[in-house]
Each structure stands twice: as C-alpha cells, then as structure tokens.
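# Report on the structure
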Amino acid sequence: MLLERQGELEQISRALRDAQAGGGSQLLVGGPLGNGKSALLQEIPSLEAADGFRVLRANASSLEQDFAFGVVRQLFDPVLSRAVPELRERWLTGAAGLARVVFADDAPEATDPAPAVIVQEAALQGLTALLRNISLDKPSLILIDDLQWVDEPSLRWLTRLAKRLDSLRVLLVTAVREGDSRTDRPLVTEMTSFCHHELRPAALSVTATSELVCKQTGEWPDEEFVLACHETTDGNPMFLMSILLNLAYSGIVPAAKHVDVVRSLRPAQLRERLIQCLQTQSDPVRSFARAVAVLGEHVDVELIGHLAGLDAIGSATAMRTMHQLGLLKSDQHPTFMHLVVQDAIEEWMTAEEREELHLRAVKLLHGSGYPAEQVAAQLMTITSQHDWWAIEVLRSAADTAMRRGAPEVAARYLRRALLDASPDGEDRARLLVDLATAERGFDASASVRHISYAVPLLRTVRDRAAAVVRIAPTVLVSASRPVRDLLERVSDELGDPVMLAGVDRELAFRLEARLRYSWHSDPAQLGDSVRRLLALGDQDLVGSGAERELLVVLLDAAMLTAKLPATEVARLGRRVLDHEPASSGHVHTALPLLVTTMAAADALEDLAPWLDLALDRARMQDVTIEHALIRTEQALTLLHLGRLDEARSAAFDALDLTALDWKGSNATAAVALAAVAIELREPQLISRLLDLQQERTDHACLAAIYRLLHGAAAALSGDLDRALEYNLECGRALERAGWRNPVLFPWRLTAASLHARLGDREAALELAEEARSRAVTWGAPSGVGRALCTLARLTPGPRGLDLARESVEVLGESANSFELAKALLELGTRERAEGEPDAGHHLRRAQELALQCGANWLVAKSAEELETTDTSGLRTALTKSEYKVAGLAVDGHTNQEIADILQVTCRAIEKHLTNSFRKLGIRRRTELPEALARAHPETAVTTLRPASGGPR
C-alpha cells in the first residue's frame, strides 16, 4: 500500500514513456533506512506506463557482495532461462556473446588466460550489447534495490550502462540507502552521478500514518494513537510497520490508552521486539528463519529447508507462519519483509550458532553443485579452519572471478584460502602465485611481494621461473634490490637461453627481459644491455613473444643511452612491429617501451597505424584501461609527428579515462604524458600530471622527470630562475642514470633557451652546442634539426642564418612538421631581417605547417612576421565528409550517434572532427557552429544535414 507517493510515480511514468520512445534514463531513489524505497520499486511494474516493459529485478545483499556479477545474474538469469533457445541465442550473438562467461556457473580452465581486467572489460561490453538486444523488441525496466551492496563487477557494468542510457530503450531505477558506508564507494558515487532524476520519498504525514494504521489494524485509530505513532517513527514507513506488527502480535488495539506503549517502542528497540517475537515461535519456524538469514533468498527453498532440518511440508508451513507474522514478503518465497528482520535474526544467533550454520551451508551448497563463488561467499564468513576441499573451492571461485574480470574479488578469496594453507608447502606457493596474478592489475607492489614469498616454496626451477614471469615488466620500473636479487637468482638457476629449448628457453628470455629492465636506471647495466644487443648481431630474436620482449628491453637501453645509431634502433624496432600483431593487450607487456624508442628514433611511420589498429580493438572490446594506455602512446606518437592538437586530445583522453601513477604498472605511461605536456606547454595537462605524484618515488629518473614538469610549470608562470634550476637538476639526474637520449627529453635545449632569456648567452650556447653534438651522434633528424634551430636563434649574423638553413634542410627528412614549422619561422625571420627574397615564402610555409599542427601561437608569430594577422586564407575548405560530420555535430549528435548514422567507426568521426577543428582554427565543440558559419557562409548551419551535399 503506497501512500503520498503520487509525485514520484508520475515522474517514473514520464521516464517510462521516454524509455519506450528510445530515450532511456536512470532514476535514483534515495533516503534513509525504511523511507519506502523498496515499496516504491515494487510498485513500478504495476504502473500503466510500464505495460509492455520487460522487468529485470535484483536485490543486492551484504552476503553476496563478493559474488562477482551476482546482481547481473539476478537481473538476466530469469530472462535468459525463460527465453526459448532460439531467442536466447539471438540475444547472445555478436558482441553480446562476450557476456556468456558471466553466466557460466564455473568458468572452464584456460591454459593461457587473458589478464582478468581484459576479461572483465569484454564481459562489460557483452552485457551492454546483450541488454541492447533484449530491448529491441520490448523496452527494459531494470529495478535494483540496495545499490550500496552491489558487487564491484556488477557496479562497473551499471556505471558504464548509466553513461549510455540515452541511446537505449531502458529505464534503470536504483534504490540506495543513505548513511551506509558502502554508499560512499567511488563506483557508487560515479554511477549515481549519471542519474537524471533523484527521488526521495518523504516521511509520511499524520494523515497517511492514520490511513496505514487503519489498513493494518482494520480499525479507525484514535487521533492520539496516530500522533504517538507518527512522533515515534518520524513518519518512517518501515519503522511504522514494525511497530504496528509488534502491537498486532501483542493484541494491542489503536486506542488512546496505548499511547505510552507506542512511545516506548523507539526504532532502536525494534530488533529486541522482533527477537522476542521469534523466540516465542516453534522450533521449525525459528530454524527456518535462521536458515534464510544464513543462505539468503537466492537459493532453492528445498535447500533452506534442508539446512533448517525440515521437509517440504515443514518449510512451507514455516514460510506461511513467517509471512503471517509480517517477517516475509510472501508465503511462496523466503524474502524478508525488511532488513531489520534479518538484522534481528543475525543478532539473535550466537557466534557459535552462526559459525555452525555457515559451515553446514557450505557443505550443502558444495554438495548440491552450486557455483564455487556462491559456496566461497559462505566460506568467507567462517573463522574456523577449513578442510582441504574448502581451499580448492576458494581457489576455484578465484579462478572464476578472474575470468569474469573481478581480480579484487579473486584476491579476497585467495587471501582467505591462505589462512588455511600449509605454512611452507607448494599448495601455499601456488596460492601466492595466483594471488599475485590477481593483484598485479590493482596492487603491483603486493603482487611482487607475494611472488617473492612463493618462489622459495616451489620445488622445480621451471615452476620458480614461471612464477617470477607473472610479474609484468613495467611493474619493475622501480624494483627494490631484493626483487632484483630474486630475478637474478632464478635466472641463474634456469640457465642461459642459448642452452635451453622449448618452455625453458621462453622463460629464460622473459626472465632476462625483466632483470635488465629492473636495472634500467643504472648506467653500467644499461651499457651491458647495449653490449648484449650488439652481441646478438643479426640473430633472429623476433620469432616468439618472449624473444621480442627481450629485444624491446634491449632497444630501450640502446635508445636511452644513445649508444647505437637511431637508424639501427629503428630498423630493429620495425622488425618487432612486423612480427607483433596489434592488440589492446600489448599495454601489459614490454611493448610500450617500443613506443618511446621509435619516437626518439624518428621512426613512427609504421607505429602510428599499428597503434590505430590496437585502439580500434580496444574500443571494440570496450576495454577502458587498455584504451587509456593506448591513447597515452598515441599522444607521444602524435607529438613526435608534429600533430599537436591530436596529441593534446589524446593526452586528455588518457587522463580522463583512467588514473595513472608514477610507481605502479603504468609509470611508463605517466612518463610519456609528461613528455607531451612539456612539449605542448599545456598548463592544465602539466597540473594534472603533477597531481598524480602524491608520494615520493625511489626511481631517480622518474623523480627527475617530475622535476622537469615542475620546471615547465615555473617557466609558464614566469619564474625563469626556478625553471632553469629544475631543468638543470633533471639533467644531472638523467646523466647520472645514463639516460642521454637528446630527443626524448631535450632538457639541454630547454635550459639553453632559459639561459638566453635570463641574459647568459655564453651558457646558452654551450648547452645548445652540446645538445647538437649529442643529437648528431644519435642521428634522428628531429633531434639534430631542433638543436640547429636553437643554435641559430642564439647565433647572430651570417653564421646564424646558415644554421637556420641547415636546420630546415635536416628537418625536411623528419616526419615532425611542428619542428620544421619552427625552423622555417626562424629562417624566415632571419631572412626578412637580411632582406632575403625567400623570407615571405618560408614564413608562409611556416604558418601553413603551424596551422596544420594546431600550434596557434606559432601561427600568430608567423602572421606577425608577415605583418598580417589574417590566417583565414590558409584555412582549407572542409571536405564533403568533414562537412557532413561537422553538421551533425552542430545538430547536437554525439560521436557515436554520428558514426551510427553514417555507418562508419567512431574513430573515423574523431579524425574528421579533429581535422575540421584544425582547419577552422578552433579547439572546442561549442565553437563549431560559429566557425562553420564563417567558413561556409553560403550554407545555413542551422539546416545542416548529411543530405545537404556539403559546401559548394
């Protein structure tokens, strides 16, 4: 019976009608315990506007919060099980097939399982596609009660779904209890931030309280009795119902003489009254109540009865009695009327009773073939030592959680299993290795620590080596000395890969790669890696993934030290790319090092399309982490190709998609973004990267690059002395570490420019000449040309002009159009001062390139030298495709909607808009209508449509 909820029901009805028409949304029902959230959710399917909707329900509970995708299963299992096989298969075709793993009770064992995060991301994409398929013929109404208890994997999917609802025929209604600590979980906060409307059922008025008392007791109450009920409960529907149930049980009628009894029943005392109520019931009812509290409502009634020691008739009788008492919502299903009922039953049981019941429940679930995760949820509540089979159940549940993409849940199961494992046996070692594998995606330091604990317990060298290579290479960016010693010891035990074959040879290569990378801030070890690379000669090291992993680490050392020519490093890097399939999962290997290596070598012609393909696959799988890290790699690549606007967009995309750090598995990505931020001189990007460095890092080079970011920020604020100090500190640290590549972090050229601005031309020339010498030794055209351009700015007279000409000539061989534009500006400026006839040509060419790159400040400087600020003539007209895309964007369509309309990829739409923004000289979508109208006044922007044919 719903009272005083007409406003909420009307708002829900409007949302249902919008969803029916294709405009889905999320409604959040909030408020304190007992304010009527659950009752409101139960009423929604009966609304007239809900006719024709397919209803998917779930009630989250504390008992199942560690059951990966438990809430998702509650939503979809009934729908899928009722569907005929042909319809079910149609729903699960295409991308929706990725969700099948979620509905497998125990995922099959895989010989080479993908990283858990990839599995989870694929499953999330599959679930969204499944819901889209299910909603094609009939809109969907999703109702979720107690959102604060939803398991993490389900919550990730719901958060993702909430962002996409506007294009689905789906209404999502969730209820969340205020005041619960789990309501403040980041994922809950993020998901609820996307809600379109928040409903907060108000407390019942005195009139509504009177109606409810009358309905429950069958008598019209005295006014004083109603006021006492209202004052005692503050109009809270659940507390009011609890009081009325207790009064009815005691035979108290709603009369004024019982006002004192009502006022004595404060909500804090309700549990005690419920316990008293249960204590007066028969043994079967009490046993059944305990069994429901322990097993929850998502198991068969027969199993609950078995735990309670009742047959089918006894269970049915107990359920009927509890329903009559108001403890269950129905006499057909064991669902508690209120959470306060379950709380009271759990408080009523002693610790020994709870332990004994949970242990019996574990054996019942296990013996009845329930999924390992459901059995494990019960095991997690038991404090006594488990039998050996229970450890296997926990391990199996962890395997399933990993394959469903829930590594945090898997880690909890494995940590509990470790409590019962032998203190020094191989069973403990294998649990530790599994735990480390689960942790490497979210707690890299714990992952390394647990591998180091496991290795001494493993008997064979191969097992020890296989355990150590579970550590991702990039995790070792700041490895401690004990970890390096462990790598070295296991590598020595396994032996030289040249003398090994098969699996042992692969393990040896991977061990060597990790060991060498762990020392990549030690100049002596870097030098040894270069000698190792030289010793390999033309030996084929690209045949297997392990060999390519080692080669990438060796090339990284050669690039950092600049001890091999850029051309040779680029040649070997191309061989790796030729044999390495583009995939989103490459970000979890050593391959990100190849991106910085090829960027420094000025050899990006093969890498850029390779990364485009990897990104397309990440988007296709909807894998957020991989998507973010690939966008980081693209940002660095685009920067070194001179495509500044695209590099800036990629960098912000990466930061918006995920959190990076300076210590964990994506420190390499943070370093790449630092290089982009410094070169772009982008204050917001620099500030966001500096905010990531919350803790002191032990890695000297990472700390140096962090100081370089501080230097860039100081220079932008006008504090040149401080900026110079930061740059020189960074340079000294990089030199000590052996990081001497002049392209990746050209700190000498930055310091030279700062010296010049501070009036110390002699120091500036010294640093610039040193930078030129190092760039020539390395050999990448972009590095040499940039150094020459800096020297040209510092050198007066004909010599400076010659240096500028040489810079332009060298940079003509580079793919970095931005550096060429700067060199052309310097040359044109010098030639103009000297009265050279080619000055105008070079300045116009600089301006054209700067416009293409998105370097607005360079466009302005070129225009100033040309004595004009009009750059409109340089703006190329939009192509027909660009015009169509821009028109749809002006009409308010999202990138995905435009891609659907034009039947192309979202990536293609992004490229068209990036090109349009560059040609129109704008940076934000909000500037597009005005810019498009200026560029194409012959067409009306307000009537742009794909059929318009584009500009004439």
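In this text, all values refer to a predicted model and were calculated from it rather than measured experimentally. (Residues numbered from 1 in each chain as written. Predicted model: local features only at pLDDT ≥ 70, side-chain atom pairs only at ≥ 80, totals over all residues. Heavy atoms only, no water.)

## Some thoughts on the overall build of the protein chain
Basically, it comes down to this: Helix and strand assignments follow DSSP, with helices taken as H or I runs no shorter than four residues and strands as E runs no shorter than two, numbered in order from the N terminus. Only protein chains enter the accessibility calculation, which uses a 1.4 Å probe. A residue is then buried if its area is under 20% of the maximum for its type, exposed if over 50%, and partly exposed in between. Throughout, a contact is declared for two residues whenever any of their heavy atoms are within 4.5 Å. Residue exposure ignores everything except the shown protein chains as possible cover, and the areas themselves are Shrake-Rupley values with a 1.4 Å probe.
When helices and strands are tallied, the protein chain shows 47 helices and five strands. The proportion of buried residues among the 952 residues of the protein chain is 57%. Within the protein chain, counting contacts between residues at least 6 apart in sequence, those at least 24 apart form 70% of the total. With an accessible surface of roughly 39,400 Å², the protein chain has 50% of that area assigned to carbon and sulfur atoms.

## Examining helix α43 (residues 856–865)
Stated precisely, the cut-off is as follows: Directions drawn from the helix axis to the C-beta atoms are what define this arc.
All of the buried residues along α43 are Leu858, Val859, Ser862 and Ala863. Buried positions in α43, seen along its axis, are confined to an arc of 140 degrees and lie on one side of it.

## A few points about the side chain of Ser529
Its location among the elements puts Ser529 in helix α26 (residues 523–536). In this structure Ser529 comes out as buried when scored by relative accessible area, which is 3%. Once residues lying within four places of it in the same chain are set aside, the contact partners of Ser529 are Arg516, Leu554 and Ala557.

## Concerning a positive patch on the surface
Inclusion rule: Residues form patches when they are more than 30% accessible in relative terms and have no salt bridge. Like charges link within 9 Å. Nonpolar side chains (Val, Leu, Ile, Met, Phe, Trp, Tyr) link within 5 Å. We count a salt bridge whenever a side-chain nitrogen from Lys or Arg sits within 4 Å of a carboxyl oxygen from Asp or Glu. Lys and Arg are tallied as positive, Asp and Glu as negative. Neither His nor the chain termini are counted. Every charge is mapped to an atom, namely NZ of Lys, CZ of Arg, CG of Asp or CD of Glu.
On the surface, Arg681, Arg757, Arg793 and Lys861 cluster together to form a positively charged patch. By the element assignment, Arg757 lies in helix α37 (residues 747–757). Overall, the relative accessible area of 56% leaves Arg757 in the exposed class.

## What to know about empty space enclosed by the protein
The criterion, for reference: Here a cavity is any set of points on a 1 Å grid over the protein atoms alone where a 1.4 Å probe fits but cannot get out, and a pocket is any open set with protein on both sides within 12 Å along at least 5 of 7 lines; a residue lines the site when it has an atom within 4 Å of a point. Grid points are joined across faces, edges and corners, and a volume is the space filled by probe spheres set on the points. Throughout this entry, Asp, Glu, Lys and Arg are counted as charged residues, while Ala, Val, Leu, Ile, Met, Phe, Trp, Tyr, Cys and Pro are counted as nonpolar. The remaining residues, Gly among them, count as polar.
Applying the stated criterion across every chain yields a total of nine cavities of 30 Å³ or more. Approximately 240 Å³ is the volume found for the largest cavity. Forming the boundary of the largest cavity are 22 residues, of which His640, Glu679, Val743, Pro746 and Arg786 lie nearest the centre. At the level of elements, α31 (624–640), α33 (667–680), α37, α39 (781–794) and α41 (817–834) are the ones that each hand at least two residues to the lining of the largest cavity. When its residues are assigned to classes, the lining of the largest cavity shows 13 nonpolar, six polar and three charged.

## Section: the pattern of salt bridges
Counting across every chain of the model gives 50 salt bridges. We note a salt bridge from Glu408 to Arg156, for which the minimum N-O separation is 2.8 Å. Placement of Glu408 in helix α20 (residues 407–418) and of Arg156 in helix α6 (residues 152–164) is noted, with a sequence separation of 252 residues between them. Here Glu408 falls in the partly exposed class, since its relative accessible area comes to 22%. Between Glu549 and Arg514 there is a salt bridge, and its shortest N-O distance comes to 3.0 Å. Highlighted residues: Glu549 in helix α27 (residues 545–561) and Arg514 in helix α25 (residues 502–518), separated in sequence by 35 residues. What makes Glu549 buried here is its relative accessible area of 7%. Connected via shared salt-bridge partners are Glu512, Arg516, Asp528, Arg531 and Arg532.

## Re the packing of α25 against α26
Cut-off, in case you're wondering: Every axis corresponds to a line fitted to the C-alpha atoms, with the helix fit spanning only the stretch in contact, and the corresponding angles, defined between N-to-C directions, vary from 0 to 180 degrees.
The contact between α25 and α26 brings their axes to 10 Å, and the two run at 145 degrees. Judged by residue contacts, Phe509, Glu512 and Arg516 of α25 engage Asp528, Ser529 and Arg532 from α26. Its residues placed into classes, the contact of α25 with α26 shows one nonpolar, one polar and four charged.

## Examining the sheet that holds strand β4 (residues 170–175)
Within a sheet, each strand pairs with its neighbour through backbone hydrogen bonds, oriented either parallel or antiparallel. Counted only if it meets this: A strand pair is defined by DSSP finding two or more bridges across the two strands.
Read across the sheet, five strands follow the order β2-β3-β4-β1-β5 without closing on themselves; strand pairing throughout is parallel. Unpaired on one side and paired on the other, β2 (54–59) and β5 (197–199) mark the two borders of the sheet. In this sheet, adjacent strand axes meet at a mean angle of 15 degrees when their direction is disregarded. Relative to β4, strand β1 (residues 25–29) is paired through five bridges, and the arrangement is parallel. Bridging from a neighbouring strand, Ser25 pairs with Leu171 of β4. Contacting β2 and β3 (140–145), helix α3 (residues 70–82) runs over the sheet at an angle of about 145 degrees to β2.

## Things to note about the pairing of β2
Within a regular strand, the side chains alternate between the two sheet faces. Burial along β2 is one-sided: Arg54, Leu56 and Ala58 are buried, while Val55, Arg57 and Asn59, pointing the other way, are not. With six bridges joining them, β2 and β3 adopt parallel strand pairing. Directly across from Arg57, in β3, lies its bridge partner Leu143.

## Re the pairing of β4
Along β4, six of the six residues are buried, which leaves the element largely enclosed by surrounding structure. Burial along β4 is two-sided: Val170, Leu172 and Thr174 facing one way and Leu171, Val173 and Ala175 facing the other are all buried. Sheet topology note: the β3/β4 ladder contains five bridges and is parallel. Counted as the bridge partner of Leu143 is Val173 from β4.

## A short note on the packing of aromatic side chains
For clarity, the cut-off: The pairing test for Phe, Tyr and Trp rings, Trp by its six-membered ring, is centres within 6.5 Å, and the orientation test on the planes gives stacked under 30 degrees, edge-to-face over 60, and tilted for anything in between. For a lysine, the NZ atom is tested; for an arginine, the CZ atom; a charge sits over a ring if that atom is within 6 Å of the ring centre and within 35 degrees of the ring normal.
Applying the stated criterion across every chain yields a total of three aromatic pairs. Among the aromatic residues, those joined into a cluster by ring pairs are Phe76, Phe103 and Trp157. When the ring centre of Trp519 is taken as reference, the NZ or CZ atom of Arg484 above it lies at 4.2 Å.

## Observations regarding the environment of Gln74
Short version of the rule: In protein, a polar contact requires one atom able to donate a hydrogen and another able to accept it; more generally it is a pair of N or O atoms within 3.5 Å, and residues adjacent in sequence count only if both atoms are side-chain atoms.
When you line up the elements, Gln74 lands in helix α3. Spatially, the C-alpha atom of Gln74 lies 8.0 Å from that of Leu56, the residues being 18 residues apart in sequence. With residues near it in sequence (within four places) discarded, Gln74 still touches Arg57, Ala58, Asn59, Glu64 and His298. Among the polar contacts listed, one links the side chain of Gln74 to the backbone nitrogen of Asn59, at a separation of 2.9 Å.

## A word on the packing of helix α8 (residues 206–217) against helix α9 (residues 223–233)
Formally: By the definition adopted for this analysis, an angle is roughly parallel if under 35 degrees, roughly antiparallel if over 145, roughly perpendicular if from 65 to 115, and oblique otherwise.
Packing of α8 against α9 leaves a shortest axis separation of 9 Å and a crossing angle of 110 degrees. With respect to α9, the axis of α8 lies roughly perpendicular. Residues Val206, Thr209, Ser210 and Val213 of α8 lie in contact with α9, whose contacting residues are Phe225, Val226, Leu227, Cys229 and His230. Residues belonging to the contact of α8 with α9 are distributed by class as follows: six nonpolar, three polar and no charged.

## So, the side chain of Ser210
If you trace the backbone, Ser210 turns up in helix α8. The class for Ser210 is buried, based on a relative accessible area of 11%. Once residues within four sequence positions are removed from consideration, Ser210 is found in contact with Trp220, Pro221 and Val226.

## Digging into the environment of Leu130
Mapped onto the elements of the fold, Leu130 is located in helix α5 (residues 116–134). Residue classification places Leu130 among the buried positions, given a relative accessible area of 0%. Sequence-distant contacts of Leu130, defined by excluding residues within four places in its chain, comprise Phe76, Leu80, Trp91, Leu92, Ala96 and Phe103.

## Let's talk about helix α24 (residues 481–494)
Stated precisely, the cut-off is as follows: What a helix should span is 1.5 Å times the count of its residues minus one.
In this model α24 runs 20 Å from its N-terminal to its C-terminal C-alpha over 14 residues, within 8% of the 20 Å that 1.5 Å per residue would give. Along α24, the positions that sit buried rather than exposed are Val483, Arg484, Leu486, Leu487, Val490, Ser491 and Leu494. The buried residues of α24 occupy an angular sector of 155 degrees when the element is viewed end-on, so they sit on one face. Turned more than 90 degrees away from the buried face of α24, the exposed residues are Pro482 and Asp492.

## What to know about the confidence of the model for the protein chain
Interpreting fine coordinate detail is not advised for predicted regions of low pLDDT. Selection criterion: The score called pLDDT rates the predictor's confidence residue by residue, from a low of 0 to a high of 100.
Overall, the prediction assigns the protein chain a mean pLDDT of 84, with 89% of residues at 70 or greater. Looking over the protein chain, one finds the lowest element-wise mean pLDDT in helix α12 (residues 270–279), namely 71, and the highest in β3, namely 96. pLDDT under 50 marks residues 108–114. Its contacts with residues more than four places away, or in other chains, come to four contacts. Below pLDDT 50 for its whole length, residues 868–876 participates in twelve contacts with residues either more than four positions away or in separate chains.

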